[in-house]
Amino acid sequence: MNFRFLRCARKPEASCAARLSELHTGQHGRILEIRGGWHLRQSLNQVGIHIDDVFSVERGAHLGGPILIQINSAQIALGHGMGQKIIVCLDENR
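Per-chain numbering applies: the sequence of each chain, read as written, is numbered from 1 onward. This being a predicted model, a pLDDT of at least 70 is required before a residue's local features are given, and a value of 80 or more before pairs of side-chain atoms are given or counted; all residues contribute to the totals for chains, interfaces and linings. Excluding hydrogens and water, the side-chain values take into account all heavy atoms of the structure.

Caption draft 1: Highlighting the pattern of salt bridges. A carboxyl oxygen of Asp or Glu within 4 Å of a side-chain nitrogen of Lys or Arg is what we treat as a salt bridge. By the definition in use, this model includes two salt bridges. A salt bridge links D52 to R30, with the shortest nitrogen-to-oxygen separation between them at 3.0 Å. With D52 in the loop between α2 (38–46) and β3 (54–59) and R30 in strand β2 (residues 28–34), the pair connects residues that are 22 residues apart, well separated along the chain. For E33, the salt bridge goes to R35, with nearest N and O atoms at 3.5 Å. Three labels apply to residues, based on accessible area from a 1.4 Å probe with only protein chains included: buried if under 20% of the type maximum, exposed if over 50%, partly exposed otherwise in between. E33 sits in the buried class, given a relative accessible area of 15%. When its relative accessible area of 44% is taken as the criterion, R35 is described as partly exposed. What counts as a helix is a DSSP run of H or I of at least four residues, what counts as a strand is a run of E of at least two, and both are numbered from the N terminus.

Written as structure tokens, this is what we have:
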């Protein structure tokens, strides 16, 4: 199975795509894409962050600090650099 094809097949829609680091506290969304190398994707998978997971932002950091998200019944803190490489789609229904 060609995983590169699967990754390219999930193009973010321009209307809902945003970086995780740009979200505010209390917003909900779904992870669309992880724009990083193998090591970043592996590190995120090990802590339970996968493509198509639904999350909520517990504490956003717009000035470069860590971002706290609730995903799969766990709270995970991510650095601002990691948050910039995670492309999400906002869920406006919540």
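Don't stop here, the text continues.
Caption draft 2: Summary view of the nonpolar core. To qualify as a nonpolar core, a set must consist of buried Ala, Val, Leu, Ile, Met, Phe, Trp, Tyr and Cys residues joined through side-chain atoms within 4.5 Å. In terms of nonpolar packing, the biggest core is built from 17 residues, with L20, I31, I49, F55, I69, L78 and V88 touching the most fellow members. Those elements that provide at least two residues to this core are β2, α2, β3, β4 (67–71), β5 (74–78) and β6 (86–90). When residues in this core are grouped by element, the largest group, three residues, is from β4. Contacts of I31, omitting those with residues within four sequence positions, involve I49, H50, I51, D52, D53, F55, I71, I86, I87 and V88. Should any heavy atoms of two residues lie within 4.5 Å, those residues are counted as being in contact.

Caption draft 3: Layout of unusual backbone geometry. Even without glycine at this site, D52 takes up a positive phi of about 75°. For D52, a relative accessible area of 39% translates into the label partly exposed.

Caption draft 4: Summary view of the pairing of β5. Pairing analysis gives five bridges linking β4 to β5, with the strands arranged antiparallel. Bridge pairing in β5 places I67 opposite L78. Strands are labelled as partners when DSSP assigns at least two bridges between them. The hairpin formed by β4 and β5 contains two residues between the paired strands, and N72 there has a positive phi angle of roughly 50°.

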